[in-house]
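Architecture and fold: a report
Now for the letters of each chain:
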Amino acid sequence: MLFALDDAQCQSLAETHGTPCFAYSGAVAEAGFQALRAALPARVRVAYAVKANPHADLLRCFAAQGASFDCASIGELERVEALGLPVGRTFFAGPGKREPELQKALELGVRVQAEGFEDLARIDALATRETAVNLRVHPAFDIDEGNRIIGGSGPSAFGVDEEDVPALLEKAASLTHVRIKGLHVFAASNQRDAAKLKAIHGAVLDLAKRLHEAHGLAFEQIDLGGGLGVPYAPDEAPLDLVGFGHGLSDLLTQHAWFTGELILEPGRFLAGPCGIYLARVVRLKESRGTRFAILEGGINHLIRPLLTGQPFPVKAVGKGEGTVHYTLAGPLCTSLDRLGEVRLPELAAGDLLAFGTAGAYGLNEGMTHFLSHPVPPEVWVAG
Ligand SMILES: Cc1ncc(COP(=O)(O)O)c(C=O)c1O
C-alpha cells in the first residue's frame, strides 16, 4: 500500500490543517508493527530506529506494541526519555558519539553500540561498574551490492573493520568496566528481498560465530540493524514478511551455538508506510518543452528523492490517474529542488498532491530551515 490515507481523508486533512502538511495513520503504523512482530521468531526483538521519524505519537504507538528503540543522538535519547517510554530497552548507535552523549546513555542504562576503541575507552572511563556494550563491526562482505546508504564493504565511518577486530580486542582486554556482550552489524538498506536479507543476516551470524570461536566472545545479543525495505512505486513488491521470518528461524536453527536474542532496528519499514505528505500546486510552467508543477514544498520537506534518485509515490487527490508528464519542483531557490518526474492528470493551481510512503526520512530529513518557510504541521490520525 503506497498511500495510507484515501482521497477524502487527504482532502479533509488539507482543509483542516492547511498545506503543506504531513499526516501519519496510527492504524497503518500499528498494523505494520503487528504484522512484522507476528512474522518474527520470539527470540527477535524489534527496536524502532527513531531517526526514521521521531514523532511522539509514532514512538508511543510502537512502545505500546512492545518496541524497543534505536537512538543515534542525545536528542533522540532525551526524546524517548521525555515521553516516558521504556528507555531501558533502548540502544545507542552512531559513529561520532561525544562524551556527554555516552554519559547520558550510561545514566539511562541504554546499551551502547561501540563503534571503535574510542567508544570502549570512553565508556570504561565513565562507567563505575561493569557495563555491557555491543561492538559494531563493519563487515568485509557486501551482499547488498554497494548500497549507497550503508556503503558496501569499502571504507566506512561505521564500526570497526572486521579485519581490525582482533587488534581492538587485544587493546580492550586492559579495560576495567566495559564488557563486549553483543555484536552489531548493519549491512542492508531498503531491502525488499527476503532471500537477500537472509543471506545478509546469515553472513552476520557466520561472522559472529567466527568471532565467538576465535576470541571466546559470548554474545547475548546480535543486532542485525535496520534495512527492511518498503515499496516506493506500484511495480515494487513488498517484503515477504512470512518468508523473512522463516529465514530468521532457519538461521537461528543453523546457529544453535547462539542462544541469545537477535535485534532488528527497522526504521523505514515501520514508519514509512503510515505517512502522507500533502502539498498544493502553486503554479504550472512550461519551459523549453518541460512541464513543471511548482509546489508549496520541496526538498525542504522531502529530500530523499534528491539523495537517492527515487521519488516518493504521488497522486493528485480527487483526480484519478493521468498520463501528463510533469517535473515536480519545490519553492526553493535552487534547481536541486525537485520531487520527481511523474505522470499525473492535467493539473491546475491549487490542486492537492499527496505523496505516499512519506512517514520515514520525510520531514526530519528535509532541509527545513533552508529559506525559512514555515515548518509544516504533522498530524497524527489515530487508529
Ligand atoms: C544503526 C542504525 N540502525 C537502524 C537504522 C534504520 O535503518 P532503516 O530505516 O533502513 O531500517 C539505521 C539507519 O540509518 C541505522 O544507522
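Scope of this entry: the structure provided in the associated data block. All figures in this text were calculated on a predicted structure; none of them were measured in a lab. (Residues numbered from 1 in each chain as written. Predicted model: local features only at pLDDT ≥ 70, side-chain atom pairs only at ≥ 80, totals over all residues. Heavy atoms only, no water.)

So, the overall build of the chain
Short version of the rule: Secondary structure elements follow DSSP: runs of H or I no shorter than four residues count as helices, runs of E no shorter than two count as strands, and numbering proceeds from the N terminus. Taken over C-alpha atoms, the radius of gyration is set against a globule rule of 2.2 Å times the number of residues to the power 0.38. We call two residues in contact when some of their heavy atoms are within 4.5 Å. For the purpose of counting charges, residues Lys and Arg are taken to be positive, whereas Asp and Glu are taken to be negative. His and the chain ends are not included. Taken as the charge centre is NZ of Lys, CZ of Arg, CG of Asp or CD of Glu, depending on the residue.
Helices and strands together make up the secondary structure of the chain, namely 11 helices and 17 strands. Against the compact-globule benchmark of 21 Å for 383 residues, the chain has a radius of gyration of 22 Å, which places it among compact chains. Over its C-alpha atoms, taken along the principal directions, the chain stretches across nearly 70 × 40 × 40 Å. For the chain, the share of sequence-separated contacts (at least 6 apart) that also reach a separation of at least 24 residues comes to 71%. Computed over 34 positive and 45 negative side-chain charges, the separation of the two mean positions in the chain equals 2 Å.

Details of the nonpolar core
What counts is decided by this rule: Definition used in this section: a nonpolar core is a set of buried Ala, Val, Leu, Ile, Met, Phe, Trp, Tyr and Cys residues joined via side-chain atoms within 4.5 Å. Each residue is placed in one exposure class: buried if its accessible area under a 1.4 Å probe, protein chains only, is under 20% of its type's maximum, exposed if it is over 50%, and partly exposed if it falls in between. Domain start and stop points were drawn from an automatic or database domain assignment.
Counting residues in hydrophobic clusters, the biggest one holds 117 residues, and the most contacted among them are Tyr48, Leu120, Phe244, Leu328, Leu353 and Phe355. For this core, the leading source of residues is helix α8 (residues 194-215), giving 9 residues. Split by domain, the residues of this core number at least three in each of domain 1 (26-271) and domain 2 (273-381). Ignoring any residue separated from it by four or fewer positions in sequence, one finds Leu328 in contact with Ala293, Leu295, Val314, Asp337, Arg338, Leu339, Gly340, Val342, Leu353 and Phe355.

Some words on the site of the ligand
Selection rule: Near is defined per residue: the residue qualifies when any heavy atom it owns lies within 4 Å of the molecule or strand. Polar contacts here mean pairs of N or O atoms no more than 3.5 Å apart (in protein, one a potential hydrogen donor and the other a potential acceptor; neighbouring residues in sequence count only if both atoms are side-chain atoms). Method for areas: the Shrake-Rupley scheme with a 1.4 Å probe, in which residue coverage is limited to the protein chains shown. Ten residues, namely Ala, Val, Leu, Ile, Met, Phe, Trp, Tyr, Cys and Pro, are considered nonpolar, four, namely Asp, Glu, Lys and Arg, are considered charged, and the remaining ones, Gly among them, are considered polar.
Around the ligand, the structure places 14 residues, and the nearest of them are Gly227, Glu265, Gly267, Arg268 and Tyr361. At 2.8 Å from an oxygen atom of the ligand is found a main-chain nitrogen or oxygen belonging to Gly227. Tyr361 has a polar side-chain atom sitting 2.5 Å from an oxygen atom of the ligand. A total of 390 Å² of accessible area belongs to the ligand in isolation, and the protein chains cover 89% of it. Looking at side-chain class alone, the shell around the ligand contains 5 nonpolar, 4 polar and 5 charged residues.

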